[in-house]
Amino acid sequence: MTERRFEPRDDGFHFDEMDSDWWATETAWFSFHEPERKLGGWFYNMFRPNIGIVSGGAWVWDDTAHLPWEVPFSSNLTALPIPKEGDLRDIALPNGNIMKVVEPCMSYDLGHDDNGRGLFSCELRFDGVMPPEPLTAAGSTFGSAHHFDQFGRVHGHIVLHGERIAIDCYGMRDRTWGRRPENRPRRAGYITGMTDPDTGFLAVTNVSPEGEKAAYGFLRRNGRTVPLAEGMRTGERNPATGHSSTVRLDLTDQEGRRMIAEGEAVSRIVINRHSFIDINSLVRWDCGADGIAWGEEQDMWPMHHFEKMRRDQ
């Protein structure tokens, strides 16, 4: 993997950089939330250029349900054709997602077309509060793929089942391109939180005999983003469901700055992503002197591992 900065050309597709591998993959993901309603949301797009398909869509959930067929909105489509001559910098995709670059590398307009069903639409703007941060550890779940993470302010509104809901939060987006087979067999976590534009964290964790250690991530303090040197995730699970109820992160960056975040999962959705499930929770974090943050825990399990854990319980 060659590490480099995210540049304006990276807002577009990278198909010309990929070889003929069946599993060559490019993704574009954005998140948002509305804390008072315990409401979270995603836009996710996954492209496989060598077989010509795009999948993904949009999800909106709250604390009333966690199954994708019971949450307020769930649209996860597969095997749709990538638009011919499509430009990711200004595109309307067949999965309903709409993206347009407003300022390269930093600002994006987001929309969704639910094919006239009247269930979900939006007009949102993502404005980065930091430059995209490159993956710095090939030992994470993203392997050797090019991967960039970026916090931003997400503002505007959604219309959910006819109700207009204002959105003003700090969300995460990421961009990846590289090899991503469907049978990735590893448990992992992707955990985020942000208090204000200058304060937040990302931890990508792997499971080992020593516990759930951070393989990659960063702390953001006083407007400075510094990669993690070490970190550990612990927490409790609901014995009735196996889902996270509390999460604790103890993180230290490469400059010795430490942050401890105590999180409570307030709502979630379980997304079936081919060979694994993503138990994605909206989390309220108490970061002590750093304040109250909001973010997510993506608790990712190979299906047979989660099944074993539940049967053992």
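Residues numbered from 1 in each chain as written. Predicted model: local features only at pLDDT ≥ 70, side-chain atom pairs only at ≥ 80, totals over all residues. Heavy atoms only, no water.

A.B. asks: Can you help me understand the overall build of the protein in this one?
C.D. replies: Assigned secondary structure in the protein consists of one helix and 19 strands. Here the C-alpha coordinates of the protein stretch approximately 50 × 45 × 40 Å along the principal axes. Looking at the protein residue by residue over its 313 residues, the buried ones come to 55%. Contacts spanning at least 24 positions in sequence make up 54% of the contacts within the protein whose residues lie at least 6 apart. In the form shown here, the protein has an accessible surface area of approximately 13,600 Å², with 48% of it arising from carbon and sulfur atoms. Looking at charge distribution, the protein has the averaged site of its 35 positive side-chain charges lying 3 Å from that of its 48 negative ones. (Helix = DSSP H or I, 4+ residues; strand = E, 2+ residues; numbered from the N terminus. Buried < 20%, exposed > 50% of the residue type's maximum accessible area, 1.4 Å probe, protein only. Contact = heavy atoms within 4.5 Å. Areas by Shrake-Rupley, 256 points an atom, 1.4 Å probe, with all protein chains shown as cover. Lys, Arg positive; Asp, Glu negative; His and termini not counted. Charge placed at Lys NZ, Arg CZ, Asp CG, Glu CD.)

A.B. asks: What exactly am I supposed to notice about the side chain of Thr192 here?
C.D. replies: Mapped onto the elements of the fold, Thr192 is located in strand S12 (residues 188-196). When sequence neighbours within four positions are dropped, the list of residues in contact with Thr192 reads Phe151, Met172, Phe201, Leu202, Trp285, Gly295 and Glu296.

A.B. asks: Mind showing me how you'd approach the packing of aromatic side chains here?
C.D. replies: Given two aromatic rings, their pairing is described by the distance between the two centres and the angle made by the two planes. All told, the structure shown has 17 aromatic pairs when counted by the stated rule. With 4.9 Å between their ring centres and 80° between their planes, Phe13 and Phe47 make a pair best called edge-to-face. In this pair, Phe13 sits in the segment before strand S1 (24-34) while Phe47 sits in strand S2 (residues 39-48), placing the two residues 34 residues apart along the sequence. In this pair, the class of Phe13 matches that of Phe47, namely buried. Three or more aromatic residues link up through ring pairs in this structure, and these residues are Trp29, Trp42, Trp59 and Tyr190. (Phe/Tyr/Trp six-rings, centres within 6.5 Å; stacked < 30°, edge-to-face > 60°.)

A.B. asks: Help me out: how do you make sense of the environment of Gly128 in this one?
C.D. replies: Relative to the helices and strands, Gly128 resides in strand S8 (residues 120-128). Given a relative accessible area of 18%, Gly128 falls into the buried group. With residues near it in sequence (within four places) discarded, Gly128 still touches Met106, Gln150, Phe151 and Gly152.

A.B. asks: Any chance you could explain the layout of surface pockets here in plain terms?
C.D. replies: A probe matching the size of a water molecule, rolled over the atoms, marks out where space remains unfilled. Looking at the largest pocket, its volume works out to about 280 Å³. Taken together, 20 residues make up the lining of the largest pocket; nearest its centre are Met46, Ser55, Asn76, Thr78 and His274. Those elements that place two or more of their residues in the lining of the largest pocket are S2, strand S3 (53-61), strand S4 (73-81) and strand S17 (258-273). In the lining of the largest pocket, the residues fall into 11 nonpolar, six polar and three charged. (1 Å grid on protein atoms, 1.4 Å probe; cavity = no way out; pocket = protein on both sides within 12 Å on 5 of 7 lines; lining within 4 Å. Points joined across faces, edges and corners; volume = space filled by probe spheres on them. Nonpolar A, V, L, I, M, F, W, Y, C, P; charged D, E, K, R; others polar.)

A.B. asks: Any chance you could explain the nonpolar core here in plain terms?
C.D. replies: One broad rule of soluble globular proteins: the nonpolar side chains tend to lie buried together. Counting residues in hydrophobic clusters, the biggest one holds 36 residues, and the most contacted among them are Phe32, Phe43, Phe120, Leu124 and Ile158. Ignoring any residue separated from it by four or fewer positions in sequence, one finds Phe32 in contact with Leu39, Gly40, Gly41, Trp42, Phe43, Val60, Phe120, Leu124, Val154, Ile158, Ile167 and Cys169. Of all hydrophobic cores here, the second largest spans 26 residues; its members include Trp59, Trp61, Met130 and Ile271. (Core = buried A, V, L, I, M, F, W, Y, C linked by side-chain atoms within 4.5 Å.)

A.B. asks: Would you take a moment to explain the sheet that holds strand S19 (residues 292-302) for this structure?
C.D. replies: Strand pairing in a sheet relies on backbone hydrogen bonds. The paired strands run either parallel or antiparallel. Taken together, eight strands build a closed barrel; the order of strands is S12-S13-S14-S15-S16-S17-S18-S19 and the barrel is antiparallel. Sheet twist, expressed as the mean angle between neighbouring strand axes with direction ignored, is 25°. In the packing of helix H1 (residues 303-312) onto the sheet, contacts are made with strand S15 (224-237), S17, strand S18 (276-286) and S19, and the angle to S19 comes to roughly 95°. (Pairing = 2+ DSSP bridges. Axes fitted to C-alpha atoms, helices over the stretch in contact; angles between N-to-C directions.)

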